[in-house]
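Take a look at the letters that make up each chain.
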Amino acid sequence: SSSRPKIFVTRDDFPGIELLKEKAEIEVFKGTQPSKDEIIAGLKGKQAIYCSLNDRIDKDVLDACKDSLKVIGTMSVGVDHLAWRLCFERGIRIGYTPIILTEAVAELTMALLLATSRRLFEAHNEILQNRWSSWSPMWMCGPGLHEATVGIFGFGRIGQEVARKLKAFRVKKIIYSRFSPGEIENDVGAIKVDADELLKESDFLIVLCSLNENTQHFFNKDRFAQMKPSAIFINVSRGGVVVQDDLIDALKRNVIKAAGLDVTTPEPLKADHPLLALPNCVVIPHIGSATYKSRNEMGEATSQNILLGLEGKPMIHEWKG
Ligand code: DGY
């Protein structure tokens, strides 16, 4: 009936949208990436949107749908694609998907640590290039995690889970830094340090912060210069925390040893991008949360968040800033 809420869904392959169909009228964008104009058109007369980090919901979009939009459900833990402060001013509620993906992202972080330090892609490529001539003593060596000092920049749920997993690799020391005051009680003996010390001390530096005005472009030329030449830089946060040209330069000039990136600027990257030509850089296409379980549960939670939000009930996970 016409009393059913109307929801715009920004792509046709989101998990969990069957849940919406039971209780709402949904309009699904035919395809995978609506433009800003297509988002605005799709949102006309809709009370809610099911979106992802691909969909920028900025002031223009919010202005265009200000008479109808009540709820945003994003299938992500990151909310940097949403003008969320403006949403709060306008009483628009935001559902997101923390916790659900913590294990998957922490696992992927471990994979990137090992892929970079033990040079897995480079080594595989050696075989493909017919350069595997014999077992050789110092060929394809890299630093191990064992006895390393690992720095975690952004020590939230995912950072803390990575720290737990690192314990099993018998690292020497886990240090972390964050912008919020206060230390985080943790069961792995991770020590809070300031950002300068984190940069200076880390053999591996893992970025797991959210992208916001404090963290945007934090990792620039000067920061890479503070790091050890033997350091490995891992980013599983957002491409925007890095001045990417500075990173490329640091990798080329061996200011740091290597990098492992699940996130880049832009996304997607084209195959001829300079980042992909660097032998000491492992790039994967933003797959941190991509386990079947995590993605299916993120989708279900997104639908439930939207429906609960439309009913004026507490969401499973509501972003409150
Ligand atoms: C997120 O959820 O924000 C990740 O970047 C994708 O799962």
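This one's a predicted model, so the numbers in the text were calculated from it and none came from an experiment.

Novice: Even after reading the chapter, I still don't get the UniProt feature "domain: D-isomer specific 2-hydroxyacid dehydrogenase NAD-binding" (unreviewed entry) in the chain, so can you show me in this structure?
Specialist: The positions UniProt marks with the feature "domain: D-isomer specific 2-hydroxyacid dehydrogenase NAD-binding" (unreviewed entry) are residues 110–288. Counting secondary structure, residues 110–288 comes out at 28% helix and 15% strand; the distance between its end C-alpha atoms is 10 Å.

Novice: What exactly am I supposed to notice about the UniProt feature "domain: D-isomer specific 2-hydroxyacid dehydrogenase catalytic" (unreviewed entry) in the chain here?
Specialist: If you check UniProt for "domain: D-isomer specific 2-hydroxyacid dehydrogenase catalytic" (unreviewed entry), the listed places come out as residues 15–317 in our numbering. End C-alpha to end C-alpha, residues 15–317 measures 17 Å, and it is 34% helix and 14% strand.

Novice: Just to check I follow, could you spell out the site of the ligand for this structure?
Specialist: Taken together, the neighbourhood of the ligand is formed by Leu 53, Ser 76, Val 77, Gly 78, Leu 101, Gly 288 and Ser 289. When grouped by side-chain class, the residues that make up the shell around the ligand number three nonpolar, four polar and no charged.

Novice: Got a minute to help me understand the pairing of strand 6 (residues 149–153) in this structure?
Specialist: A regular strand places its side chains on the two faces of the sheet in alternate fashion. The buried count for strand 6 comes to four of five residues, which makes it a mostly enclosed element. Relative to strand 7 (residues 173–177), strand 6 is paired through five bridges, and the arrangement is parallel. From the neighbouring strand, Ile 152 faces strand 7, where its bridge partner is Tyr 176. The handedness of the strand 6 to strand 7 crossover, carried by helix 7 (residues 157–167), is right-handed. Direction of pairing for strand 6 relative to strand 9 (residues 204–207): parallel, over a ladder of four bridges. Note that in strand 9 the partner of Ile 152 across the bridge is Ile 206.

Novice: Hey, could you run me through the sheet that holds strand 2 (residues 25–28) in this one?
Specialist: Sheet strands pair by backbone hydrogen bonding; their relative direction is either parallel or antiparallel. If you trace the five strands from one edge of the open sheet to the other, you get 2-1-3-4-5, paired in parallel fashion. In this open sheet, the two edge strands, each paired with only one partner strand, are strand 2 and strand 5 (93–95). Within the sheet, the average angular offset between the axes of one strand and its neighbour, ignoring direction, is 20°. Where helix 11 (residues 292–310) meets the sheet, its contacts fall on strand 1 (6–9), strand 3 (48–51), strand 4 (71–74) and strand 5, and the angle it forms with strand 4 comes to roughly 170°.

Novice: Help me understand helix 5 (residues 102–117) in this model?
Specialist: Count 3.6 residues to each turn of an α-helix, and residues three or four apart come out pointing the same way. Taking 1.5 Å per residue as the helical rise, helix 5 with its 16 residues ought to reach 22 Å, and the 23 Å between its terminal C-alpha atoms agrees with that figure. For helix 5, every residue scored as buried is listed here: Ala 104, Val 105, Ala 106, Leu 108, Thr 109, Leu 112, Leu 113, Thr 116 and Ser 117. Positive backbone phi, at 55°, marks Arg 119, one or two positions downstream of helix 5.

Novice: Looking at this model, I keep getting lost on unusual backbone geometry. Mind explaining?
Specialist: Keep in mind that most residues, glycine aside, have a negative phi and that most peptide bonds are trans. Cis geometry is adopted by the peptide bond preceding Pro 266, which originates at Thr 265 and carries an omega value of -5°. Looking at the secondary structure, you find Pro 266 in the loop between strand 11 (258–261) and strand 12 (281–283). Residue Pro 268 is reached from Glu 267 by a cis peptide bond, and omega for that bond is -5°. Looking at the secondary structure, you find Pro 268 in the loop between strand 11 and strand 12. Within the chain, Ile 99 stands out as a residue other than glycine whose phi angle is a positive 70°. In this fold, Ile 99 is placed in the loop between strand 5 and helix 5.

Novice: For this particular structure, what's the right way to read the nonpolar core?
Specialist: The tendency in soluble globular proteins is for nonpolar side chains to be buried as a group. Judged by nonpolar contacts, the single largest core of 87 residues is most densely connected at Ile 7, Ile 152, Ile 206 and Ile 234. Tallying contributions element by element places helix 5 first for this core, with six residues. Discounting chain neighbours no more than four positions away, the residues touching Ile 152 are Gly 159, Val 162, Ala 163, Ile 174, Tyr 176, Ile 206 and Leu 208.

Scoring rules and cut-offs
Residues numbered from 1 in each chain as written. Predicted model: local features only at pLDDT ≥ 70, side-chain atom pairs only at ≥ 80, totals over all residues. UniProt positions renumbered as here; feature names shortened; annotations may be inferred. Helix = DSSP H or I, 4+ residues; strand = E, 2+ residues; numbered from the N terminus. Near = placed C-beta within 6 Å. Nonpolar A, V, L, I, M, F, W, Y, C, P; charged D, E, K, R; others polar. Buried ≥ 20, exposed ≤ 12 C-beta atoms within 10 Å, placed from the backbone. Pairing = 2+ DSSP bridges. Right-handed = clockwise from strand over helix to strand, strands pointing away. Axes fitted to C-alpha atoms, helices over the stretch in contact; angles between N-to-C directions. Contact = placed C-beta atoms within 7 Å. Expected span 1.5 Å × (residues − 1). Core = buried A, V, L, I, M, F, W, Y, C linked by C-beta atoms within 7 Å.

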